[in-house]
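Coordinate inspection notes
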Amino acid sequence: MNESNPHRLPIACLRSGAFCCFAGWTWVHFYWEGPYGVLLWQDATYDLATRLGLSWDEFVGTGADDGFVQKWIARIWWLYLACTLLTLTVRKTSWVQMTGLVLGSGLLTLLSYASYVAAQRQLPMFIEHGGQMLIPTILVMALALGAGHRVTVTTAIIGLIMTFAGHGCYAIGFWPTPGNFYAMTTLILGVEYPTAQFLLRAAGILDFAVCVGICIPYLRRATAVYATAWGFLTAIARPVAGMSWGLNYWGADQFLHETALRAPHFAIPLFLFCLWRKPGEKEALQARQPVTAELH
Amino acid sequence: MNRQPYKRAGLCCLAILLAVAPATAQQNAQRRPRRAVLEIPEVERSEVICFALYTVHDNTLKLTAQLYPLQSGESRTVRLEIEKDGNWVEVARTSVVEPGWTAPFRVENWDDTQASNYRVLHGAEANYEGVIRKNPVDKDEIVVAGFTGNSIQPAHGGDISRQDLIDNVQQIDADVLFFSGDQVYDHNKHLAAWLKFGRDFGAIIKDRPTLCLPDDHDVGQPNLWGESGKISTISGNADGGYRQPGIYVQEVERAQTSHFPDPVDPRKIGQGIGVYFTNLNWGNIDFAILEDRKFKTGPAGRVPKQGPRPDHIRNPEYDPASVDVDGAILLGQRQLDFLDDWAQDWRDASMKVALSQTIFCGGAHIHGSANGRLHADMDSNGWPQTGRNRALKALRKAFAFHYAGDQHLATIFHHGIDEHRDAIWSFCVPSIANLYLRWWEPLEPGQNREPGSPDYTGDHLDGFANKVTNYAAANPEKTPAGNVLNTRSAGFGIVRLNTKTRQITMECWPRNVDVTDPSAKQYPGWPRTISQFDNYNPPSWGKLGELTFDVDSPVVQLVDRDSDEILYTVRIAGKRFVPAAPKDKTFNIKAGKDAPETIVVQDAKVGGAAQSVSLK
């Protein structure tokens, strides 16, 4: 390990968050399909194909066979797999790998843009992916600049605020609350619609409280703890609500990746909490670290 | 080592990442057409009634007035008045139902032998007028205009006026309007979209019976396998159930279906969601109103994964039987029981038509946009195959013609169960404005095609190995050129049901044509006329001996002598009838003026002698 000792745990949070996020999206691209269809069937795409010297049939397939688009969409999972591995192997001095992860952030940004377009260009849909888009870059920053560097911390806070603000906009009803928010609340807690709505509105208010609290030094630690817990609960909500013994593989192939790819929602606040521990806690933790960690 | 340049480079990358996506989005936003703004407009209090839908069945008028949101303090009472001898007479009053702002009226002992002007009143100012038509039992031809898929997005041409549809419906003077689904595409604001639908189509809806079947998008999700009211959690909702809360679905169904004849089996399903499957008898046509989606099983996790989505099958080598899993439901037993009764009931009916959201096969090969070929789509009624066959067996017993939509691709299919063309015909109408493109484009030319017809017609197996025979498909352009309305194969359907000749004529019109103009052209493959009796006339069957009755158009039923199973029931045209039947079986023939109450021929076989039958 080449991370300096006090920052080992925070960086591990970022590593594991980025790893899970890329692993989840790798599964989506490998086993299911990336959500790019919404971006492809447009006049602009047709123009692009023409400029590339491809006929439309070559570009999107004739129907009888796959075209350029289908072939390359089917291969994108390799890029995500590579990014997944990079989250494990990237070190402070490995600039090529860092560049790869920053490009990975670009892939996640493209995904988020596709989701945004598919959601009728609802702004919160793009914003709430902020944590996912940024976590590879935050990891790179933590390695290159230091986990406690103000740029790293500021970027992590931006990622957290984006995630919670986007989620809060939906939960509080500034944009229409997605049906699956109600569905998961109802199924997991066994409550009726009015209670589910009350709980979602309350959660939405707390989402915005997180966005404010994380910026206030006196509140930021408690805020980070809450954000970690809430980020984890919302990430596991899908498999908890949807998996069942009666389904093939208990539904694991449909639901587990939904938690994995949302790992940044709790990994980033956990990273911040680890950074902001009280000095006594840090020293005690340092004392428990194996000496070998300092030799690298 | 000086790392300053790398740090700067890293920061630049971050800045680019954060800036490029919104900037690109903004640029795209400027290039692409504007999006529809879906809001509930402020209206004068005199305009607070947006539109009204009605049906008349079995001497009961059911009318639902759709109101704009009322203000606090305003009366919640709405009145219905009928014009009698020049005077307006109140026949019903009701309270506005929230959420949804619907005012459902019910008037029993309705005299359907004459037309009546009506008006819906709210407060002192609001007044909405229309006509309750007389039951057109004296007309030979009943005209049903069919619509589906009402995108309002400019990208699909959804912002283009519907005036062409209004004008055409008024010119053909349709007797019934049928909206098969996706009247509303907004997944969160049904009321706002429904009010817009009312503003767009209210002028034709107010004066004739109208049936709107809520489909997946109406209830706020991209696909719907209702699973009797389960709650769905995954993206795409292939796990079965409803994505939106039950209260939302109830509001949608209240708005779109509360004016239907009473449901025949009104027990609610999960989340307090109601059912509306029933029949409407109008102009001697008996329409079965079905709910394709409400009871249907979701495929995710229940069938082996065969493609990039739980409901899509990409692998052409897969075993179709592997997805026809035990326990998978299509219409559900309650609807099948209803169809069984409906098929035998020919009171006041000369012809039968089934109305539902979509057709009983995988009616397209290429789906969506650039995503290419799908071998099979479990959102279609081709899956589950066993459920599909049970539905078709129930419908063909009534020689029912199937009128549907949903596919975004107009088609004519003749369905098969045990052999090609042994079941009913279906007509899937094109979208009003087409959100999602599909093509019927089989890789192999169809067998037994009509001379000169395209390769895609003829006998095929769909992606679930269901037997289908295609007669027409209004495929859209292959490239996005233009990308609005008719290049996306938008349009509407007209079905003419002739109760005298028992012929059914299907017409499929593009948008913005005048259907009364002799030079106006329909989509290739239309019009097509079939006989009512083609809906159950397997090629392998023979003919029993001709029956001659002493009453006009009695009801005839064939019953398998050995199994006692009803083969079919039908009201014949005129006094002569040559029943078709399987060659290897023996039948008892029952008949009666309005119900098959009497066995008139025993042990009838193919090739038997002609007989005269007295029913007086």
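Here the structure is a predicted model, which is why all the values come from computation and not from measurement.

On to the overall build of chain A. When helices and strands are counted, chain A shows 17 helices and 0 strands. Long-range contacts, defined here as pairs at least 24 residues apart, represent 70% of the contacts in chain A between residues at least 6 apart. Split by element, the accessible area of chain A, about 13000 Å² in all, is 68% carbon and sulfur.

For chain B, the helix and strand inventory stands at 6 helices and 35 strands. Scaling as 2.2 N^0.38, a compact globule of 616 residues should have a C-alpha radius of gyration of about 25 Å, and chain B matches this with 26 Å. Projected onto its principal axes, the C-alpha coordinates of chain B cover approximately 105 × 70 × 50 Å. Residues counted as buried form 62% of the 616 residues belonging to chain B. Considering only contacts within chain B whose residues lie at least 6 apart along the sequence, 70% involve residues at least 24 apart.

In this section: the sheet that holds strand β30 (residues 566–571) of chain B. The pairing of strands in a sheet comes from backbone hydrogen bonds and takes either a parallel or an antiparallel form. Residue and element names in this part refer to chain B. Pairing is antiparallel in the open sheet, where 4 strands are placed in the order β30-β29-β33-β34. Since the sheet does not close on itself, it has two edges, and those belong to β30 and β34 (598–604), each with one partner. Each strand axis lies, on average, 15 degrees off the axis of its neighbour in the sheet, ignoring direction. Across 5 bridges, strand β29 (residues 555–560) lies against β30 in antiparallel orientation. Note on β30: the bridge partner recorded for Leu558 is Tyr568.

Axis angle and axis distance: for two packed helices, these are the angle between their axes and the distance between the axes, and together they describe the pair. All names here are of chain A. Their axes nearest at 8 Å, the elements helix α1 (residues 8–31) and helix α15 (residues 264–275) cross at an angle of 175 degrees. The angle between α1 and α15 places the two elements in the roughly antiparallel class. Residues Leu9, Pro10, Ile11, Cys13, Leu14, Gly17 and Cys21 of α1 pack against Pro264, Ala267, Leu270, Phe271, Cys274 and Leu275 of α15. Looking at the contact of α1 with α15 residue by residue, the classes come out as 12 nonpolar, 1 polar and no charged.

All names here are of chain A. On the surface, Leu187, Ile188, Leu189, Phe198, Leu199 and Val240 cluster together into a nonpolar patch covering about 540 Å² of accessible area. If you list the elements that add at least two residues to the nonpolar patch, you get α11 (179–189) and α12 (193–213). Here the element with the most residues in the nonpolar patch is α11; it accounts for 3 residues. Note on placement: Phe198 falls in helix α12.

Residue and element names in this part refer to chain B. As for its placement among the helices and strands, Thr386 is situated in helix α6 (residues 385–396). On the basis of relative accessible area, Thr386 is assigned to the partly exposed category, the value being 42%. In this structure the C-alpha to C-alpha distance between Thr386 and Ala328, which are 58 residues apart in sequence, comes to 8.3 Å. Polar side-chain contacts of Thr386 include one of 2.6 Å to the side chain of Asp324.

What follows covers the domain arrangement of chain B. Annotation of chain B at the domain level lists domain 1 (1–31), domain 2 (45–132), domain 3 (141–536) and domain 4 (542–613). Computed from C-alpha coordinates alone, the two centres of domain 1 of chain B and domain 3 of chain B are separated by 47 Å.

All names here are of chain B. The 3 strands lie next to each other as β1-β2-β5, forming an open sheet whose pairing is antiparallel. Edge positions in the sheet fall to β1 (49–57) and β5 (102–108), since each of these pairs with one other strand and no more. Across this sheet, the average inter-strand angle for adjacent strands is 15 degrees, counted without regard to direction. Both β1 and strand β2 (residues 60–67) contribute to a ladder of 8 bridges, which runs antiparallel. From the neighbouring strand, Leu53 faces β2, where its bridge partner is Thr64. Strands in contact with helix α3 (residues 190–205) are β1 and β2; relative to β1, the strand with the most contacts, it is inclined by about 65 degrees.

So, about the packing of aromatic side chains. Ring pairs (aromatic) are described by centroid distance and by the angle formed between their planes. Residues and elements named next belong to chain B. If you walk through the whole model with that rule in mind, you get 39 aromatic pairs over all chains. Seen in terms of ring centroids, Tyr536 and Tyr568 are 6.0 Å apart; in terms of plane orientation they differ by 75 degrees. Their pairing is edge-to-face. Within this pair, whereas Tyr536 is found in the loop between β26 (528–531) and β27 (542–543), its partner Tyr568 is found in strand β30, the two being separated by 32 residues in sequence. Residues Tyr536 and Tyr568 agree in their burial class; the two are buried.

Residues and elements named next belong to chain B. Here Arg347 is to be found in the loop between α5 (333–344) and β14 (351–355). The exposed category is assigned to Arg347, whose relative accessible area is 54%. In the structure, Arg347 is positioned 256 residues away from Val91 in sequence and 28 Å away in space, judged by C-alpha atoms. Among all residues touching Arg347, those that are not within four sequence positions of it are Asn281, Arg571 and Asp594.

Residue and element names in this part refer to chain A. Three or more residues of α11 are buried, namely Gly179, Asn180, Phe181, Tyr182, Ala183, Met184 and Thr185. Buried residues along α11 sit against α10 (150–172), α12 and α13 (217–242). Just past α11, the residue Gly190 takes up positive phi, approximately 65 degrees.

All right, on to α12(A) then. Between the first and last C-alpha of α12(A) there are 29 Å, a value that for 21 residues agrees with the 30 Å anticipated at 1.5 Å per step. Of all the positions in α12(A), only A:Ala196, A:Leu200, A:Ala203, A:Gly204, A:Asp207, A:Val210, A:Cys211 and A:Gly213 are classed as buried.

Close approach of charged atoms lets side chains of opposite charge pair. Residue and element names in this part refer to chain B. Per the stated rule, a full pass over the model turns up 41 salt bridges over all chains. Residue Arg496 is joined to Glu141 by a salt bridge in which the shortest nitrogen-to-oxygen separation is 3.2 Å. With Arg496 in strand β24 (residues 492–498) and Glu141 in strand β8 (residues 141–150), the pair connects residues that are 355 residues apart, well separated along the chain. Residues Glu565 and Lys397 are paired through a salt bridge, measuring 3.8 Å at the closest nitrogen-oxygen approach. Of the two residues, Glu565 is situated in the loop between β29 and β30 and Lys397 in the loop between α6 and β17 (401–404); the sequence distance between them amounts to 168 residues.

What follows covers the side chain of B:Ser380. Residue and element names in this part refer to chain B. Among the secondary structure elements, Ser380 is positioned in the loop between β16 (376–377) and α6. A distance of 2.9 Å separates the side chain of Ser380 from the backbone oxygen of Asp377, its partner in a polar contact. Sequence-distant contacts of Ser380, that is, excluding residues within four places in its chain, are made with Lys296, Cys361, Gly362, Gln407 and Phe464.

On to the packing of α13(A) against helix α14 (residues 252–260) of chain A. Residues and elements named next belong to chain A. Contact pair α13 / α14: the axes reach a minimum separation of 6 Å and the direction vectors enclose 165 degrees. Judged on the interaxial angle alone, α14 and α13 are roughly antiparallel. Classified by chirality, the crossing of α14 by α13 is left-handed. Of α14, the residues touching α13 (which contributes Ala235, Ile236, Arg238, Pro239 and Gly242) are Phe255, Leu256, Glu258 and Thr259. Here the contact of α13 with α14 is built from residues that sort into 5 nonpolar, 2 polar and 2 charged.

Let's shift gears to the pairing of β24(B). Residues and elements named next belong to chain B. The buried fraction of β24 is high, at 7 of 7 residues. Taken together, the 6 bridges between β8 and β24 define a ladder with antiparallel strand orientation. By the bridge assignment for β24, Ile142 is matched with Leu497. Sheet topology note: the β24/strand β25 (residues 503–509) ladder contains 6 bridges and is antiparallel. Pairing of Leu497 across the sheet is with Ile504, part of β25. Count of turn residues in the β24/β25 antiparallel hairpin: 4 residues, of which Arg502 carries a positive phi of about 65 degrees.

The next point concerns the state of the cysteines. A covalent bond between the sulfur atoms of two cysteines is referred to as a disulfide. Residue and element names in this part refer to chain B. For the coordinates displayed, the defined rule picks out 0 disulfides over all chains. Distance from the sulfur of Cys212, which forms no disulfide, to the nearest cysteine sulfur (Cys50) is 12 Å. Free cysteine: Cys508, not disulfide-bonded; nearest cysteine sulfur from Cys428 at 9.0 Å.

Parameters and conventions
- Residues numbered from 1 in each chain as written.
- Chains lettered and ligands numbered in written order.
- Predicted model: local features only at pLDDT ≥ 70, side-chain atom pairs only at ≥ 80, totals over all residues.
- Heavy atoms only, no water.
- Helix = DSSP H or I, 4+ residues; strand = E, 2+ residues; numbered from the N terminus.
- Contact = heavy atoms within 4.5 Å.
- Areas by Shrake-Rupley, 256 points an atom, 1.4 Å probe, with all protein chains shown as cover.
- Rg over C-alpha atoms; globule rule 2.2 N^0.38 Å.
- Buried < 20%, exposed > 50% of the residue type's maximum accessible area, 1.4 Å probe, protein only.
- Pairing = 2+ DSSP bridges.
- Axes fitted to C-alpha atoms, helices over the stretch in contact; angles between N-to-C directions.
- Parallel < 35°, antiparallel > 145°, perpendicular 65-115°, else oblique.
- Nonpolar A, V, L, I, M, F, W, Y, C, P; charged D, E, K, R; others polar.
- Patch = residues over 30% accessible without salt bridge, like charges linked within 9 Å, V, L, I, M, F, W, Y side chains within 5 Å.
- Salt bridge = Lys/Arg side-chain N within 4 Å of Asp/Glu carboxyl O.
- Polar contact = N/O pair within 3.5 Å; in protein donor to acceptor, adjacent residues only side chain to side chain.
- Domains from an automatic or database assignment.
- Phe/Tyr/Trp six-rings, centres within 6.5 Å; stacked < 30°, edge-to-face > 60°.
- Expected span 1.5 Å × (residues − 1).
- Left-handed = near helix turned anticlockwise from the far one by under 90°.
- Disulfide = S-S within 2.5 Å.

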